[in-house]
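# Architecture at a glance
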Amino acid sequence: MSAMPRVAFVHGGTHAQLATLADPALAPYRIRPVHVRRMEPVALADADVVVVSDRLRPDLLIPRSPMLLECLARGATMVVFGENSVGEWLPGVHEESRPTNFWWWRTGEDHRIRLRAPHHPAWPYFADRSVIWHFHGVLQPPQAAVSLVDLETVTGKRDGSLLYLDELSTPGRLLVTTMDPVYHHGSGFMPGATQLLYSAMQWATRS
């Protein structure tokens, strides 16, 4: 990766995505916005890091996903945020929906979110608060991936991954989560989401 990684940010033009792109805290990354409707190979060809914003329209994203897979094939780092139908276009990934609990910290119930692989080198970039807020479904990632955050069932069994890192299945690096930090950061609420967004950017560009 170059001294100043080239970052492409794939978005759909929603208010939250545009507000995130306008965030002064992200200005040092010199992000290149790429609207999913206008995503072409040339727009991603020189990107060291590709960020796929959460909540993109599947009818726009899925047909264009081979371009994203090509970025991994050439060794780029990719971050894919939640609600992007990854089970339909990321190889070897199975995705299942789960109810979203927005208010567990008010009700006092167990959020059932569990941190894994505590000695993984990615963890210095992510505080607990950045990955414990809420989620949209669970993932069963490829065997080569490492789940950093899991969801447990009410009986204490592993239900699936909420955030995983795959550095072996392709020449690139892939961080995938079912959390949607761009939406919440751009909408101005959920501090943990802002931390996850900033942490993922730091991990992708500095690690």
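Residues numbered from 1 in each chain as written. Predicted model: local features only at pLDDT ≥ 70, side-chain atom pairs only at ≥ 80, totals over all residues. Heavy atoms only, no water.

### Some thoughts on the overall build of the protein
Keep this limit in mind: The secondary structure listing takes helices from DSSP runs of H or I that are at least 4 residues long and strands from runs of E that are at least 2 residues long, numbered from the N terminus. Here the radius of gyration uses the C-alpha set of atoms, whereas the globule reference equals 2.2 Å times the residue count to the power 0.38. Each residue's exposure class comes from its accessible area (1.4 Å probe, protein chains only) as a fraction of the maximum for that residue type: buried when under 20%, exposed when over 50%, partly exposed otherwise. A contact between two residues is defined here by any heavy atoms of the two lying within 4.5 Å.
A count of helical and extended segments in the protein gives 7 helices and 10 strands. In terms of C-alpha radius of gyration, the protein reaches 16 Å, essentially the compact-globule figure of 17 Å for 207 residues. Overall, the protein is about 50 × 35 × 35 Å in size when its C-alpha atoms are taken along their principal axes. The buried share of the protein, taken over its 207 residues, is 52%. Expressed as a percentage of contacts within the protein between residues at least 6 apart in sequence, the contacts between residues at least 24 apart total 69%.

### Details of helix H3 (residues 58-73)
As a reminder of what qualifies: To estimate how far a helix should reach, multiply one less than its number of residues by 1.5 Å. The reported bend at a residue is simply the angle between two axes, fitted to the 7 residues ending at it and to the 7 residues beginning with it.
Between its terminal C-alpha atoms H3 stretches 22 Å, which fits the 22 Å expected from 16 residues at 1.5 Å a residue. A bend of about 50° at arginine 64 is the largest found in H3, and the proline proline 66 appears one to four places after it. Looking at the residues trailing H3, positive phi occurs at glycine 75, about 105°.

### A few points about the nonpolar core
Cut-off, in case you're wondering: Nonpolar cores were defined as sets of buried Ala, Val, Leu, Ile, Met, Phe, Trp, Tyr and Cys residues, with membership established by side-chain atoms within 4.5 Å.
Phe126 and Val149 are the most contacted members of the largest nonpolar core, which totals 34 residues. Counting residues per element, this core draws most heavily on helix H7 (residues 191-206), at 7 residues. When neighbours within four sequence positions are excluded, phenylalanine 126 is seen to be in contact with Val131, Leu175, Leu196, Ser199, Ala200 and Trp203. Core analysis: the next-biggest nonpolar cluster, separate from the first, contains 29 residues, Ala8, Val36, Leu56 and Leu68 among them.

### Thoughts on the environment of valine 131
Residue placement: valine 131 occurs in helix H5 (residues 128-131). On the accessibility criterion, valine 131 (1% relative accessible area) is buried. Separated by 48 residues in sequence, valine 131 and methionine 179 have C-alpha atoms that sit 8.2 Å apart.

### What about the pairing of strand S10 (residues 173-177)?
What counts here: What makes two strands pair is DSSP finding at least two bridges between them.
Counting buried residues along S10, 5 of its 5 residues qualify, which places the element largely inside the surrounding structure. Every second residue of S10 is oriented toward a common face, with Arg173, Leu175 and Thr177 on one face and Leu174 and Val176 on the other, all of them buried. With 4 bridges joining them, strand S9 (residues 158-166) and S10 adopt antiparallel strand pairing. In the strand pairing of S10, aspartate 166 is matched with leucine 174. From the end of S9 to the start of S10, which pair antiparallel, there are 6 residues.

### Concerning the packing of aromatic side chains
Heads up, the rule is: Here is the rule: rings of Phe, Tyr and Trp (six-membered ring for Trp) pair when centre to centre is within 6.5 Å. Planes less than 30 degrees apart are stacked, more than 60 are edge-to-face, and the remainder are tilted. When the NZ atom of lysine or the CZ atom of arginine is within 6 Å of a ring's centre and also within 35 degrees of its normal, the charge is said to sit over that ring.
Summed over all chains, the structure comprises 2 aromatic pairs. Ring geometry for tryptophan 123 versus phenylalanine 126: centroids 6.5 Å apart, planes at 90°, classification edge-to-face. Phenylalanine 126 sits in the buried class, given a relative accessible area of 6%. Relative to phenylalanine 189, the ring of tyrosine 183 lies with its centre 6.4 Å away and its plane at 85°, an arrangement referred to as edge-to-face. By relative accessible area, which is 26% here, tyrosine 183 ends up partly exposed. On the basis of relative accessible area, phenylalanine 189 is assigned to the partly exposed category, the value being 41%. Residue placement shows arginine 55 over the ring face of tyrosine 183; its charged tip is 3.8 Å from the ring centre. Here arginine 173 stacks its cationic end above the ring of tryptophan 203, 4.3 Å away from the centre of that ring.

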